[in-house]
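Chains, contacts and geometry: an overview
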There are 2 protein chains.
Amino acid sequence: MPSYTAPVKDQLFVLNDLLKISEQDVPGYDELDRDTLEAILDEAAKIAEQVLAPLNAVGDTQGCVLENGVVRTPEGFKAAFDQVREGGWTALDCDPDYGGQGLPYLVSTAVGEQFSAANMAFNMYQGLTHGAYSAIHTHGTEAQKALYLPKMVSCEWTGTMNLTEPHCGTDLGLMRTKAVPQDDGTYKVTGQKIFISAGDHDMSENVIHLVLAKIPGGPEGIKGVSLFIVPKFLVNEDGSVGERNGVSVGKIEEKMGIHGNSTCVMNYDEATGYLIGTEHKGMRAMFTMMNEARIGVGLQGYAQAEVAYQNAVDYAKDRLQGRDVTGVKNPDGPADPLIVHPDIRRNLMDQKSFVEGARAFTYWGAAMIDRAHGCDDAAADGLISLMTPVIKGFLTDKGFEMATAAQQVYGGHGYIEEWGMSQFARDARIAMIYEGANGVQALDLVGRKLAQDGGKHVMAFFAMVTDFIKETKGRSDAFDKDFREPLKAASKDLQAAGMFFMQNGMKNPNAALSGSYDFMHLFGHVCLGLMWARMAVAAEDALAAGASDVAFYETKIATGRYYMARQLPMTRTHLARIETGADTVMALDAEAF
Amino acid sequence: MPSYTAPVKDQLFVLNDLLKISEQDVPGYDELDRDTLEAILDEAAKIAEQVLAPLNAVGDTQGCVLENGVVRTPEGFKAAFDQVREGGWTALDCDPDYGGQGLPYLVSTAVGEQFSAANMAFNMYQGLTHGAYSAIHTHGTEAQKALYLPKMVSCEWTGTMNLTEPHCGTDLGLMRTKAVPQDDGTYKVTGQKIFISAGDHDMSENVIHLVLAKIPGGPEGIKGVSLFIVPKFLVNEDGSVGERNGVSVGKIEEKMGIHGNSTCVMNYDEATGYLIGTEHKGMRAMFTMMNEARIGVGLQGYAQAEVAYQNAVDYAKDRLQGRDVTGVKNPDGPADPLIVHPDIRRNLMDQKSFVEGARAFTYWGAAMIDRAHGCDDAAADGLISLMTPVIKGFLTDKGFEMATAAQQVYGGHGYIEEWGMSQFARDARIAMIYEGANGVQALDLVGRKLAQDGGKHVMAFFAMVTDFIKETKGRSDAFDKDFREPLKAASKDLQAAGMFFMQNGMKNPNAALSGSYDFMHLFGHVCLGLMWARMAVAAEDALAAGASDVAFYETKIATGRYYMARQLPMTRTHLARIETGADTVMALDAEAF
């Protein structure tokens with residue numbers, strides 16, 4: 001049975017040493033001193049380690065079952081959900097006006113990492129609810145907020161996002177679900193939605209579906225899409241649960257993983273819906289949910305890699321196989337532990353350096369969101385908007401790759417379900433797909449975000465890197481060689497790729513779009529390289545200031561050196577591919593495939 | 001439901017145009033004219049497409065079940081196995097003295113690709129039998145061969161390989177299974193073996209287990225391992241099936257994939273065993289099976305990528321989503337097919353160029369084996385021995401990556417089991433693990449094969465590349481730019497990596513072993529680059545000779561150009577990693593992980 005230990009010390013390092021959040025001028029951050037943060041993360045860790053992690057394999061094995069129209073979640077899920085709810089964990093960063101704790105998004109991100117690593121499928125019930133909460137909170141009327149949000153903050157009612165239909169996912173303009181206006185101001189919603197995570201279950205008394213649909217007679221395509229609240233049970237004016245609405249579960253999908261989450265086909269049959277925001281402006285409201293959800297999905301990617309890594313390390317230390325080629329390390333045993341072997345090290349260092357870099361990147365992004373919202377900072381908003389597809393796409397691709405790499409450490413045992421490593425890989429796989437498949441993230445990045453606001457956000461990113469390189473000039477020869485020079489080279493590759501797009505994309509958009517996927521990865525590597533260089537500075541500073549835990553900080557620096565030496569050189573291959581443009585990519589006629 | 005179409009035309013291109021096998025001076029090749037080859041592959045295709053492929057999902061869904069000590073295979077497997085057997089497909093390259101057809105190994109490789117792509121789990125029953133056949137054929141006594149081989153050639157009896165025990169996989173020296181000599185010359189075998197593919201089932205009247213075990217009092221470790229024939233049912237002198245032997249199935253493992261194959265825990269309890277070859281020389285005999293099996297596993301890797309690719313192409317042509325950014329391509333439809341989008345193209349070209357390159361590489365390797373065996377050619381034997389870990393490790397890593405990439409084309413549908421794309425990825429995953437996990441392949445390559453016979457085989461490989469580059473000098477500017485120069489650069493990277501190992505590996509073996517995995521991939525890319533450059537020459541020559549199917553050959557050249565431009569640049573990143581040596585890989589104490 002795999003286990004999970006919340007990496008509280010590593011999380012605190014990012015929050016305190018790297019981001020120095022209590023020094024930042026962001027509302028709520030001043031209260032987040034070291035002790036408070038540690039207390040929150042330690043409490044969360046108890047839930048993650050003792051309540052959620054033990055249910056992870058249960059969820060995978062039992063899955064969700066649809067019986068007589070009712071979805072049954074795996075054994076223990078309901079009791080655990082109650083515990084999470086009662087502990088206030090669903091309300092962390094929600095609005096105090098509706099029962100939330102009003103903590104920064106960054107705090108809920110750190111807690112979310114723990115919960116997601118411990119049990120991804122379980123944590124999605126809350127995650128989807130939070131997305132729906134955000135959409136209603138931002139775009140709903142005061143009455144809607146008062147009616148729905150308190151119960152959603154507490155997860156007494158959970159939420160869903162209904163976008164996909166059988167014939168359309170990315171291209172939502174093709175949508176067929178209809179919402180017909182009624183005299184009383186409500187709408188009758190009819191249609192079928194698929195891949196609805198947490199679509200129905202037995203852990204809450206109501207499910208608040210957010211549904212995209214078209215109002216007949218509205219504009220064609222994506223411009224005619226509106227967003228509706230469609231509760232499973234209608235809600236009476238006093239907030240009590242009323243009659244059953246015209247929505248039902250068609251079936252639960254059999255999936256590769258996240259079996260503990262009920263992925264439903266939802267059938268809407270003249271269900272009563274309530275418009276959120278303005279008619280035909282549903283995509284705007286949905287994007288509020290989606291941007292947040294995309295960062296949450298990036299987090300899922302590296303969280304699965306984290307828990308898989310932890311177990312791979314345990315196995316590598318425990319399993320005796322072969323001898324260290326440079327000299328026996330375990331003379332009293334029949335063989336040395338796997339961890340003595342260079343290729344096992346290489347594999348574990350790949351995982352470790354990715355996970356820790358990804359955590360820094362994600363928390364940095366979450367802090368950007370806090371700044372954007374809390375300080376009305378348009379620059380921060382632009383930067384995180386630019387980075388969202390990178391966080392989502394790069395971290396989930398690499399997260400799956402690393403979960404698979406962790407599985408590999410187990411040899412044959414990694415392929416046997418009993419050992420749990422297969423589940424981490426299977427669960428991680430979905431993160432590359434949902435909330436916009438990673439190819440769509442790359443398209444969003446290159447086709448839209450790069451040029452947004454005249455390209456000023458990507459320029460701001462480059463300035464950030466350049467400033468860092470300037471600031472750290474002359475720090476030390478070792479820092480130059482291990483961090484500064486590699487970062488400079490990687491960032492130059494990124495700039496060259498951007499330049500290639502500018503020079504060629506106007507003439508031929510395909511010349512840029514053919515390199516979009518490589519660009520997303522190139523960008524991701526530069527971001528993680530920047531994070532590692534900054535973490536090295538933070539660790540060096542801590543050591544210089546006489547920090548007692550010398551080994552911890554030295555390990556950080558060594559892990560960063562690994563990333564810079566072994567992972568960052570990928571930027572040159574990505575650039576080489578990008579610079580070949582569309583020629584070889586688009587050479588064939590469709591029939592030639 | 002996914003489908004499979006045997007790529008006979010592509011297979012024939014490799015056999016005829018690239019390898020020109022009927023012109024090669026290898027026993028049996030002279031009979032393999034175009035028509036004969038085509039007839040064989042067309043007949044095999046009928047079985048693969050109509051019999052095996054429809055059972056692939058059945059095998060995945062139903063799996064194998066152990067009931068009252070008897071293993072039941074999925075519905076339809078037994079009838080299909082009978083059909084394969086009766087068609088003579090299990091006997092293709094077996095010795096005519098024992099009922100085989102005596103065809104070259106290359107032919108059975110090409111047929112094996114079809115069968116493995118159509119139904120990997122199913123084809124393993126025959127594949128394991130063939131491995132056991134080879135070990136007995138090479139190392140058994142005349143009496144043993146006469147007793148066992150005829151029924152194994154026909155697969156009336158199937159075979160297995162028993163190496164792994166719960167506490168040891170790679171490090172077989174730790175093995176505990178014992179074989180105690182009896183007065184009658186037989187042995188009593190006792191112990192537990194795990195992960196035994198095709199360990200038991202209901203499709204043959206006997207199972208011939210090949211079991212590694214230690215004879216008490218023999219040398220310690222790997223030097224004291226012997227190989228035994230342990231039949232499920234003892235075989236009477238007249239060849240009839242006799243009493244049940246002391247071997248039973250402990251359980252069937254729950255795995256990530258290949259559910260149609262029964263992966264068994266096998267318990268041996270004083271089972272009667274018959275020594276193969278010499279006492280304590282079991283590893284030598286086992287390696288006969290393992291080298292062949294490793295090439296077969298490399299084939300599994302790209303075969304899964306092939307079938308996944310075929311389905312991804314169908315989906316990309318069929319699914320309407322979004323519009324071509326350069327202009328609408330399907331004006332009468334609500335959207336354009338996925339295949340118009342550059343990132344979908346990029347993904348499909350990655351898959352296509354890998355699969356076709358991998359096929360050429362594998363067939364080239366199979367031809368090397370035919371040459372080594374048929375002509376007693378030590379150079380060919382050395383070369384294929386060097387290449388075996390590359391074929392196994394590189395093709396299975398990339399095969400899984402590409403099966404996953406094909407799954408990605410389906411978006412959310414790729415994650416739903418109903419669509420079948422998940423199975424290809426889950427099945428492909430095992431190929432990276434069994435027959436020696438890929439890290440062990442890399443270790444074998446760098447730690448052993450490179451220096452074998454004074455490094456002469458790797459020098460022969462380099463000479464082969466250099467000769468090709470010389471021969472094609474002045475062919476055309478386009479060929480230079482698209483193929484020759486990229487191959488030259490990649491091969492230079494490979495040589496530089498080899499040089500780095502030579503210069504640093506003696507002082508510090510870890511400096512070489514830390515780069516072993518990257519070296520295996522670097523080598524793989526150079527091999528596929530070489531294959532593509534050769535295929536381009538073959539296609540250009542065919543066009544120059546007036547071949548009628550112009551589109552086919554032009555597509556080959558365009559696909560090769562893609563590989564050279566977009567995949568081959570990976571060699572520079574691999575080299576950059578290798579050249580950082582062991583410093584960052586081995587920096588941490590084990591406790592720091």
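Residues numbered from 1 in each chain as written. Chains lettered and ligands numbered in written order. Predicted model: local features only at pLDDT ≥ 70, side-chain atom pairs only at ≥ 80, totals over all residues. Heavy atoms only, no water.

Side note on the overall build of chain A
The secondary structure content of chain A amounts to 18 helices and 11 strands. Against the 2.2 N^0.38 benchmark of 25 Å for 593 residues, chain A shows a C-alpha radius of gyration of 24 Å, consistent with a compact globule. Taken over the C-alpha atoms alone, chain A extends approximately 80 × 60 × 55 Å along its principal axes. Taken over 593 residues, chain A has a buried fraction of 65%. (Helix = DSSP H or I, 4+ residues; strand = E, 2+ residues; numbered from the N terminus. Rg over C-alpha atoms; globule rule 2.2 N^0.38 Å. Buried < 20%, exposed > 50% of the residue type's maximum accessible area, 1.4 Å probe, protein only.)

Observations concerning helix H7 (residues 142-153) of chain B
Residue and element names in this part refer to chain B. With 12 residues, H7 extends 16 Å from end C-alpha to end C-alpha; this agrees with the ideal 16 Å at 1.5 Å per step. Listed in full, the buried residues belonging to H7 are Gln144, Lys145, Tyr148, Leu149, Met152 and Val153. Projected down its long axis, H7 carries its buried residues within an arc of 125°, all on one side. In this structure, the buried residues of H7 make contact with helix H6 (120-139), strand E3 (157-162), strand E6 (206-214), strand E7 (225-231), strand E8 (233-235) and strand E11 (263-276). At the exit of H7 stands Cys155, carrying a positive phi of roughly 60°. (Expected span 1.5 Å × (residues − 1). Arc of directions from axis to C-beta. Contact = heavy atoms within 4.5 Å.)

Things to note about the interface of chain A and chain B
Tallying the contact residues gives 94 residues for chain A and 94 residues for chain B. Taken together, both faces of the contact between chain A and chain B bury some 7700 Å²; the carbon and sulfur share is 61%. A per-residue breakdown of the area chain A buries against chain B is headed by Tyr415, Arg566 and Phe593 of chain A, which together make up 12% of the total. Scanning the region where chain A abuts chain B turns up 4 salt bridges. A salt bridge links Glu418 of chain B to Lys251 of chain A; the shortest N-O distance between them is 3.1 Å. Ranked by the residues each element gives to the side of chain A that touches chain B, the list is headed by helix H17 (residues 550-567) of chain A, at 8 residues. (Buried area = accessible area lost by both parts, 1.4 Å probe. Salt bridge = Lys/Arg side-chain N within 4 Å of Asp/Glu carboxyl O.)

Let's talk about the nonpolar core
Phe461 and Phe523 of chain A together with Phe461 and Phe523 of chain B are the most contacted members of the largest nonpolar core, which has 415 residues in total. Excluding anything up to four places from it in sequence, Phe461 of chain A contacts Leu383, Leu386, Met387, Leu494, Phe523, Val526, Cys527 and Leu530 of chain A. (Core = buried A, V, L, I, M, F, W, Y, C linked by side-chain atoms within 4.5 Å.)

Some thoughts on the packing of aromatic side chains
For the structure on display, the rule yields 39 aromatic pairs over all chains. Centre to centre, the rings of Tyr315 of chain A and Trp419 of chain A are 5.8 Å apart; their planes meet at 90°, and the pair counts as edge-to-face. Placement of Tyr315 of chain A in helix H8 (residues 282-318) and of Trp419 of chain A in the loop between helix H10 (378-409) and helix H11 (421-431) is noted, with a sequence separation of 104 residues between them. Judged by its relative accessible area of 8%, Tyr315 of chain A falls in the buried class. Here Trp419 of chain A falls in the partly exposed class, since its relative accessible area comes to 31%. Ring plane angle 25° and centroid distance 6.2 Å describe the contact between Phe361 of chain B and Trp364 of chain B, whose orientation is recorded as stacked. A residue pair is termed a helical-turn pair when its members lie 3 or 4 positions apart in one helix, as Phe361 of chain B and Trp364 of chain B do in helix H9 (residues 342-374) at 3 residues. Judged on exposure class, the residue Phe361 of chain B and its partner Trp364 of chain B are both buried. Counting every residue linked through ring pairs, the aromatic cluster contains Phe461, Phe462, Phe500, Phe501, Phe519 and Phe523 of chain A. (Phe/Tyr/Trp six-rings, centres within 6.5 Å; stacked < 30°, edge-to-face > 60°.)

A closer look at the relation of the copies chain A and chain B
Once chain A has been moved 0.0 Å along the axis and rotated by 180°, it coincides with chain B to within an RMSD of 0.0 Å. This pairing of chains is accounted for by a two-fold axis. Within chain A, Thr573 of chain A has its C-alpha nearest the rotation axis, a separation of 3.2 Å. Mapped onto chain B, 100% of the interface residues of chain A again fall at the interface, so both copies present the same surface. (Least-squares fit on C-alpha atoms with pLDDT ≥ 70 in both.)

Quick notes on the pattern of salt bridges
Residue and element names in this part refer to chain A. Using the criterion set out here, one finds 66 salt bridges over all chains in the structure. Between Glu67 and Arg72 there is a salt bridge whose closest N-O contact spans 2.7 Å. Accessibility expressed as a relative area gives 38% for Arg72, which makes it partly exposed. In this structure, Arg426 and Glu417 form a salt bridge, with 2.9 Å as the shortest nitrogen-oxygen distance. Residue classification places Arg426 among the buried residues on the basis of a relative accessible area of 3%. Connected through salt bridges with shared partners, the residues Asp10, Lys352, Glu356 and Lys556 form a single ionic network.

Section: the pairing of strand E9 (residues 241-244) of chain A
All names here are of chain A. Across 2 bridges, strand E8 (residues 233-235) lies against E9 in antiparallel orientation. Bridging across to E9, Phe233 finds its partner in Arg244. Turn length for the E8-E9 hairpin, with the two strands adjacent in sequence and antiparallel, is 5 residues, and the turn residue Gly239 shows positive phi of about 90°. (Pairing = 2+ DSSP bridges.)

Considering a negative patch on the surface
Residue and element names in this part refer to chain A. A surface patch of like charges, here negative, comprises Asp33, Asp35, Glu38 and Asp42. Residue placement: Asp42 occurs in helix H2 (residues 34-52). For Asp42, a relative accessible area of 34% gives the class partly exposed. (Patch = residues over 30% accessible without salt bridge, like charges linked within 9 Å, V, L, I, M, F, W, Y side chains within 5 Å. Areas by Shrake-Rupley, 256 points an atom, 1.4 Å probe, with all protein chains shown as cover. Lys, Arg positive; Asp, Glu negative; His and termini not counted. Charge placed at Lys NZ, Arg CZ, Asp CG, Glu CD.)

Here's the deal with the pairing of E3 of chain B
When a strand is regular, its side chains alternate between the sheet's two faces. Across the 6 residues of E3 of chain B, 6 count as buried, placing the element largely inside the fold. Residues Trp157, Gly159 and Met161 of chain B line one face of E3 of chain B and the alternating positions Thr158, Thr160 and Asn162 of chain B line the opposite face, and both faces are buried.

Thoughts on helix H1 (residues 8-18) of chain B
Residue and element names in this part refer to chain B. Burial runs high along H1: 10 of the 11 residues are buried. Looking only at H1, the buried set comprises Val8, Asp10, Gln11, Leu12, Phe13, Val14, Leu15, Asn16, Asp17 and Leu18. On its buried face, H1 is in contact with helix H2 (34-52), helix H5 (105-118), H9, helix H16 (516-544) and helix H17 (550-567). Positive backbone phi, at 45°, marks Lys20, one or two positions downstream of H1.

A short note on unusual backbone geometry
All names here are of chain A. Of note, Lys20 is a non-glycine position whose phi angle comes to about 45°, a positive value. One can find Lys20 in the loop between helix H1 (8-18) and H2. We classify Lys20 as partly exposed; its relative accessible area is 36%.

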